[in-house]
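# A structural walkthrough
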Amino acid sequence: MNNTELNKKLKKLARLATKAIKLRAKTKGAHDGKFLQAIFQDKAYKDADLMLKVEMLAKIYSVARIIGTTKDEIKNEELRNNLRNILEDPKTTTLFSEYQKDNYEIKEPLKEILLDTTCGSREKDGKTNTIISLLSKYGYYITNFQFPIYDNFARDGITKLFKQKEFKELLKTSRPHIELGSSLVFFYKYGTLLKACTYLPRKRRIDALDAFFWLYGVMKATQTHEGANKTFWWSGTCGYVGDKKFRDWYDAVQEFMGEKQS
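Residues numbered from 1 in each chain as written. Predicted model: local features only at pLDDT ≥ 70, side-chain atom pairs only at ≥ 80, totals over all residues. Heavy atoms only, no water.

Our focus in this paragraph is helix α11 (residues 184-196). An ideal rise of 1.5 Å per residue puts 18 Å on 13 residues; α11 measures up with 19 Å between its terminal C-alpha atoms. Of all 13 residues that make up α11, 10 are buried, and the element is covered over most of its length. Those residues of α11 that fall on the buried side of the exposure criterion are Leu184, Phe186, Phe187, Lys189, Tyr190, Gly191, Thr192, Leu193, Leu194 and Ala196. (Helix = DSSP H or I, 4+ residues; strand = E, 2+ residues; numbered from the N terminus. Expected span 1.5 Å × (residues − 1). Buried < 20%, exposed > 50% of the residue type's maximum accessible area, 1.4 Å probe, protein only.)

Below, the structure written as structure tokens:
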């Protein structure tokens, strides 16, 4: 593996991710994030009901149907209580917190929580929805940004990144023994990237990459979403992204991702 070329890529990624944090701070998503950080971290909310906090988290991220926040959506109260029991268990918080301390690796107990926890409405075939996306967001806030968010933007960004030869080679050095197609492939790729991103401070590393993948996904959506306004793109989490600074950043990211020539 050409370490020189990889290091150049990692340095560029660090610069783009650091800039993404600053740009994200200008969006409505940043205000939502600060609110969620407060309810999960501030002492003033320490005694608030945990499931109410999770419901707020689910609504802001538009996944409220997963846990069922209305009478019609609560299809199985037993599943909902099961989620409460898992999240209220102090061991769950510890498992999420240990992700960074364990060198960004998903250990077996956390793997079971992420892959096996079910809640919300039942599918037609009788199976229940797993809620790995919601749980990852819970882990992100409960650890104060020390666990990666698993969502479409992050998954698409990680997939795109690891198609580049430098990152393909990096993945070969730590290829996980997991089933093809498993949701955990995302976390192993993300963990591999986090270990390599030494140009980002360790405490800010996950948050910086989250900002990078989120903003990259938002900007990409303005180009590909049918009917999207090219100057403004608004939803519950995105906000204004038409400023020239956003456009210049996105141009640089497209070049970094191999989507356009310099």
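Here the narrative resumes.
Turning our eyes to something else, we now look at a nonpolar patch on the surface. Residues Phe35, Tyr45 and Met56 make up a contiguous nonpolar surface patch of roughly 250 Å² in combined accessible area. Met56 gets classed as partly exposed once you look at its relative accessible area, which sits at 36%. (Patch = residues over 30% accessible without salt bridge, like charges linked within 9 Å, V, L, I, M, F, W, Y side chains within 5 Å. Areas by Shrake-Rupley, 256 points an atom, 1.4 Å probe, with all protein chains shown as cover. Salt bridge = Lys/Arg side-chain N within 4 Å of Asp/Glu carboxyl O.)

What follows is about the packing of aromatic side chains. Taken as a whole and judged by the stated rule, the model has 22 aromatic pairs. Measuring from ring centre to ring centre gives 6.0 Å for Tyr141 and Phe145, while their planes differ by 75 degrees; the resulting arrangement is edge-to-face. For the residue pair Tyr141 and Phe145, the accessibility class agrees, reading buried in each case. Sitting above the plane of the Tyr150 ring, Arg155 keeps its charged end 4.6 Å from the centroid. (Phe/Tyr/Trp six-rings, centres within 6.5 Å; stacked < 30°, edge-to-face > 60°. Lys NZ or Arg CZ within 6 Å of the ring centre and 35° of its normal.)

So, on to a positive patch on the surface. The grouping of Lys19, Lys22, Lys26, Arg204 and Lys245 at the surface amounts to a positive patch. The partly exposed category is assigned to Lys245, whose relative accessible area is 45%. (Lys, Arg positive; Asp, Glu negative; His and termini not counted. Charge placed at Lys NZ, Arg CZ, Asp CG, Glu CD.)

With 74 residues, the main nonpolar core has Leu193, Leu209, Phe212 and Trp249 as its most contacted residues. Not counting residues up to four positions away in its chain, the partners in contact with Leu193 are Leu10, Leu13, Ile158, Leu161, Phe162, Phe167, Leu209 and Phe213. (Core = buried A, V, L, I, M, F, W, Y, C linked by side-chain atoms within 4.5 Å. Contact = heavy atoms within 4.5 Å.)

What follows concerns the pattern of salt bridges. In total, this model carries 10 salt bridges according to the counting rule given. With a closest N to O distance of 3.3 Å, Arg24 and Asp210 form a salt bridge. Here the residue Arg24 occupies a position in helix α1 (residues 3-24), and Asp210 occupies one in helix α12 (residues 205-224), the gap between them amounting to 186 residues. Each member of the pair, Arg24 as well as Asp210, carries the same accessibility label: buried. The shortest N-O distance in the salt bridge between Asp49 and Arg84 comes to 3.1 Å. Of this pair, Asp49 sits in the loop between α2 (28-41) and α3 (50-60) while Arg84 sits in helix α5 (residues 77-88); the two residues are 35 residues apart in sequence, bridging distant segments of the chain. With a relative accessible area of 30%, Asp49 lands in the partly exposed category. Salt bridges sharing partners connect three or more residues here, namely Arg24, Asp207 and Asp210.

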